[in-house]
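Here's the letter readout for the chains.
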Amino acid sequence: MLTTSQTYVLPLSTNSHGTILVGNTRVTLDTVIFSFNQGATSEEIASRYPSLKLSDVYSTIAFYLDHQQEVEEYLQQRQLKALEVRKQNELRFDTQGLRDRLLACQAAKHPC
């Protein structure tokens, strides 16, 4: 399990849903690490998410590089949870039925 308080003074906190956030923002650890892994620099990440402080982005990336396996496990767990939620939503909401109704309205050329 990934812990956010070791020997670092980290800008990371965990909200009530178990999501790790960076700084005093709603920007997730997932977002920063995904951007970093896509080749964005710390400066680019901070400019994409103006609520982030540049120092928090640097600290987050340093933590990731020092604890890569733990962070990757956390990110995998988050991805699995997202897939689970998506499946549940697809079961609850009939997207094909909605699509069919919208196409029927479009074919009839009147607003739905």
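What counts, and at which threshold
Numbering of residues begins from 1 in every chain and follows the order in which that chain's sequence is written. For a predicted model such as this one, the threshold for reporting local features is a pLDDT of at least 70, and the threshold for listing and counting side-chain atom pairs is 80 or more; totals across whole chains, interfaces and linings nevertheless cover every residue. With hydrogens and water set aside, each side-chain value is computed from the structure's full complement of heavy atoms. Only Phe, Tyr and Trp rings take part, Trp by its six-membered ring, and two of them pair if their centres are within 6.5 Å. Stacked means planes under 30 degrees apart, edge-to-face means over 60, and tilted covers everything else. Helix and strand labels come from DSSP, where a helix needs a run of H or I of at least four residues and a strand needs a run of E of at least two; each type is numbered from the N terminus. Type-normalised accessible area, obtained with a 1.4 Å probe on protein chains alone, sets the label of each residue: buried when under 20%, exposed when over 50%, and partly exposed for intermediate values. The working definition used for a salt bridge is a side-chain nitrogen of Lys or Arg within 4 Å of a carboxyl oxygen of Asp or Glu.

A.B. asks: Looking at this structure, I do not really get the packing of aromatic side chains. What am I missing?
C.D. replies: Aromatic ring pairs are described here by two measures, namely the spacing of the ring centres and the angle between the planes. A complete count under the given rule lists one aromatic pair for this structure. Each ring, one from Phe36 and one from Tyr64, has its centre 6.1 Å from the other, and the planes form 80°; the classification is edge-to-face. Here Tyr64 lies in helix α3 (residues 54–66) and Phe36 lies in helix α1 (residues 29–37), a separation of 28 residues in the sequence. On the basis of relative accessibility, which here comes to 25%, the residue Phe36 falls in the partly exposed class.

A.B. asks: What should I look at first to understand the pattern of salt bridges in this one?
C.D. replies: For side chains bearing opposite charge, pairing can occur when the charged atoms are close. On inspection of all chains with the given rule, the structure shows three salt bridges. Residues Arg78 and Asp30 are paired through a salt bridge, measuring 2.9 Å at the closest nitrogen-oxygen approach. Taken together, the positions of Arg78 in helix α4 (residues 68–92) and Asp30 in helix α1 put the pair 48 residues apart, joining distant regions of the chain. Ionic pairing is found between Glu90 and Arg86, a salt bridge with its closest N-O pair at 3.1 Å. Here Glu90 and its partner Arg86 are both found in helix α4, four residues apart, which amounts to about one turn of the helix. Here Arg86 falls in the exposed class, since its relative accessible area comes to 55%.

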